[in-house]
Amino acid sequence: MISTLRDICREVGAAYLLLLHVGTLLLRGRFDRRELGRSLAAMGADSLPIVALTAFFTGGIMVIQAGIFVRRFGAYGLLGFGAGYATLREVGPLLIGLMFSGRVGANNAAELGTMTVTEQIDGLRALAIDPIAFLIVPRVLAMVIALFCLLLVGDAVALSGGALFGKWLLGVEFSSFFHSFADNLKLADLSVGLVKAAVFGLAIAISSCHFGSSVRGGAPGVGRAVNAAVVASALAIVLSDQLITVLFK
Amino acid sequence: MTAMVECRSLCKSFGVRPLLDRVNVRLASGEICGLIGSAATGKSLLLKLLCGLQASDGGEIFIAGRRLDASSKEELQQSRKHIGMLFQNNALFDFMTVRDNVAFPLVRSGATSAEEIRERVHQTLRAVGLSGSEEKLPAELSGGMKKRVALARALVARPALLLFDEPTAGLDPVTTARIYELLGAEQARTRATMLLVSSDVDGLRRFVPRLLMLHAGRLRYDGPSDKIDSSEDEVVRQFVRGADEGPL
């Protein structure tokens, strides 16, 4: 028990030090722009189809769940507000964050882990290149930007999905759905979701980069690192979600 | 002659097991030297210590007269610009093509024009017999081809000190001979200091005039390659002869 607690403290401490190091290099502008572009394409653009698909059905699920109460109380005019509120503030960032963690965070931990065990990180250091400036900082920045942008797109797709399912299942007109949404929701509701996306992106980036770059023990070590990165990311997402929700309620 | 590499009483342990125990090595500028020894005797570790990739537990390391083991991060980065290293696992960057891998040290140094980088990459790849493979990714190459790309990457920036960890592992005899020929020509042209770790003792002996042998953390032989057979140390004689019976 004490040993497990000590291990957790060590990992959290190391991830925190990595965050400080990344922040310092970022403020000094010391990172590889080409790697940032490559990471943005791989982590952002390539994630768009799966995020859009998830978001579309998330919007649909919100409407199906809300449908029971909408029918019972005849609150057809509140469907857009209900689905939009839950999507923008909570379900959108949470589901897209977890999807991003599974797709991008796990891939990033595996890639960095493989680079570590095949001496590619040492290869960079031997060429007088700081691996954190060259590999880690661009990836952290790319993950934060990518998740932020993916959430903007995801929110729009989820609301469109909600409107489509609302019309199909409950007969709510598109205009009624979007008026209910626009009249009752504020920019702050969207902003809370976007703050969450940026924080989730940072949490996924730091945990996947930390576990990926500290791999020991060949291929099994890479597997353990991916597992640890995904678990730590999910935990960080849930904890930070709780904190942000309390702060911005 | 000035020393390019000098290690004094170098020590490194993992747990309770000492891998290097008060090792002294001196390589003159422009010298070619081979390092042999049984598996897991610290040969690769010594190269990593010389490149500053591992920290020693004790002793001193000097590269071109500058103390490496007590350097700041910035000083270490500066020293590494004069060192080329070929890793045992090649350490090619998976996401880069062959051309980009080889060009990488020149691109990052920022001191070479794009035209010159193109020309040097082309020449180096031709020298290692890989013309026409420029656009391939490392995953598309055989083990021997990867080794030659890694070799090209180590050579292309013409560093003053070259450290090779198993430069001929996995290569056929003809390619091995060509690689040694290439290294010889490169050394004659650039006067670089070379330290080669290899399990191919016979091939290495034909190429290097001086051999070092590590065993149980200590340097058991440091002398001419052609005299190693008649070493007074029974461990050294058994190792180079590949004899079944003996202290090993």
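Just so we're clear, the structure is a prediction, and the values are computed from it rather than from any experiment.

Within chain B, the regular secondary structure consists of eight helices and ten strands. Radius of gyration (C-alpha) of chain B: 18 Å, near the 18 Å computed for a compact globule of 248 residues. In terms of overall dimensions, chain B has a C-alpha envelope of 55 × 45 × 35 Å along the principal axes. Buried positions account for 54% of the 248 residues belonging to chain B. At a minimum sequence separation of 6, the contacts of chain B that also span at least 24 residues come to 63%. Taken as a whole, chain B presents about 11,300 Å² of accessible surface, with 48% of it coming from carbon and sulfur. Across chain B, the mean location of the 34 positive side-chain charges is 3 Å away from that of the 31 negative side-chain charges.

On to the pattern of salt bridges. Here the structure, examined in full by the defined rule, presents 31 salt bridges over all chains. Between Asp189 of chain A and Arg89 of chain A there is a salt bridge; the shortest N-O distance is 2.7 Å. Linking Asp189 of chain A in helix α8 (residues 187–213) with Arg89 of chain A in helix α4 (residues 79–117), this pair joins segments that are 100 residues apart in sequence. Residue Asp189 of chain A shares its accessibility class with Arg89 of chain A, and that shared class is buried. Salt-bridge contacts for Glu60 of chain B lead to Arg8 of chain B; the nearest nitrogen and oxygen are separated by 3.3 Å.

All right, on to helix α6 (residues 173–190) of chain B then. All names here are of chain B. Helix length check: α6 (18 residues) gives 25 Å between terminal C-alpha atoms against 26 Å at 1.5 Å per residue, within 8%. Of the residues making up α6, those classed as buried are Thr175, Thr176, Ile179, Tyr180, Leu182, Leu183, Glu186 and Gln187. Take α6 and look down its axis: the buried residues cluster within an arc of 160°, on one side only. In α6, the exposed positions angled more than 90 degrees off the buried face are occupied by Pro173, Arg178, Glu181, Ala188 and Arg189. In the core, the buried residues of α6 are packed alongside β3 (32–37), α4 (114–127), α5 (143–156), β7 (161–165), β8 (193–197) and α7 (201–207). Measuring from the backbone nitrogen of Val174 back to the side-chain oxygen at the start of α6 gives 3.1 Å, which picks out Asp172 as the cap.

Attention now moves to the interface of chain B and chain A. Between chain B and chain A, the contact holds 24 residues from the first and 21 residues from the second. Counting the surface lost from both chain B and chain A, the interface buries some 1,800 Å², and carbon and sulfur atoms represent 57% of this. Summed over the shared surface of chain B and chain A, the result is five salt bridges. The salt bridge partner of Glu119 of chain A is Lys48 of chain B, with a shortest N-O separation of 2.9 Å. Counting across the interface, chain B meets chain A through six residue pairs in polar contact (both at pLDDT 80 or more). With four residues, the top contributor of residues to the side of chain B that touches chain A is helix α3 (residues 98–109) of chain B. Along the lines of polarity and charge, the residues of the side of chain B that touches chain A split into twelve nonpolar, four polar and eight charged.

Along α4 of chain A, the sharpest kink reaches roughly 60°, centred on Thr87 of chain A. Glu119 of chain A sits one or two residues past α4 of chain A and shows a positive phi near 65°.

Residue and element names in this part refer to chain B. In space, the six strands of this open sheet follow the order β6-β7-β8-β3-β9-β10, with mixed pairing throughout. Two strands lie at the open edges of the sheet, namely β6 (83–86) and β10 (218–224), each paired on one side alone. For this sheet the average axis-to-axis angle between neighbouring strands, irrespective of direction, equals 15°. Relative to β10, strand β9 (residues 210–215) runs antiparallel, the two sharing six bridges. Within β10, the residue paired with Arg210 across the bridge is Pro224.

With that settled, consider the nonpolar core. If you look at the biggest cluster of nonpolar residues, it comprises 43 residues, and the most contacted ones within it are Ile36, Leu125, Leu151, Phe164, Leu183 and Leu196 of chain B. Broken down by element, this core gets its largest block of residues, eight residues, from α5 of chain B. In terms of domain composition, this core takes at least three residues from each of domain 1 (3–82 + 159–241) and domain 2 (93–157) of chain B. With residues up to four places along the chain from it excluded, the contact list for Phe164 of chain B reads Leu47, Leu86, Leu151, Ala154, Leu155, Leu183, Met194, Leu195, Leu196 and Val197 of chain B. Among the nonpolar cores identified, the runner-up in size contains 40 residues, and Val104, Met143, Phe200 and Ile204 of chain A belong to it.

Moving on to the environment of Arg80 of chain B. For Arg80 of chain B, the position within the fold is in helix α2 (residues 73–80). Considering only alpha carbons, one finds Arg80 of chain B and Leu53 of chain B, 27 residues apart in sequence, at a separation of 9.8 Å. If we ignore the near neighbours within four places in the chain, the residues touching Arg80 of chain B are Arg125, Ala126 and Ala128 of chain A together with Cys51, Gly52 and Leu53 of chain B.

Quick notes on the rules
- Residues numbered from 1 in each chain as written.
- Chains lettered and ligands numbered in written order.
- Predicted model: local features only at pLDDT ≥ 70, side-chain atom pairs only at ≥ 80, totals over all residues.
- Heavy atoms only, no water.
- Helix = DSSP H or I, 4+ residues; strand = E, 2+ residues; numbered from the N terminus.
- Rg over C-alpha atoms; globule rule 2.2 N^0.38 Å.
- Buried < 20%, exposed > 50% of the residue type's maximum accessible area, 1.4 Å probe, protein only.
- Contact = heavy atoms within 4.5 Å.
- Areas by Shrake-Rupley, 256 points an atom, 1.4 Å probe, with all protein chains shown as cover.
- Lys, Arg positive; Asp, Glu negative; His and termini not counted.
- Charge placed at Lys NZ, Arg CZ, Asp CG, Glu CD.
- Salt bridge = Lys/Arg side-chain N within 4 Å of Asp/Glu carboxyl O.
- Expected span 1.5 Å × (residues − 1).
- Arc of directions from axis to C-beta.
- Polar contact = N/O pair within 3.5 Å; in protein donor to acceptor, adjacent residues only side chain to side chain.
- Buried area = accessible area lost by both parts, 1.4 Å probe.
- Nonpolar A, V, L, I, M, F, W, Y, C, P; charged D, E, K, R; others polar.
- Bend = angle between axes of the 7 residues up to and from the residue.
- Pairing = 2+ DSSP bridges.
- Axes fitted to C-alpha atoms, helices over the stretch in contact; angles between N-to-C directions.
- Core = buried A, V, L, I, M, F, W, Y, C linked by side-chain atoms within 4.5 Å.
- Domains from an automatic or database assignment.

Any link to function would need more than the numbers given here.
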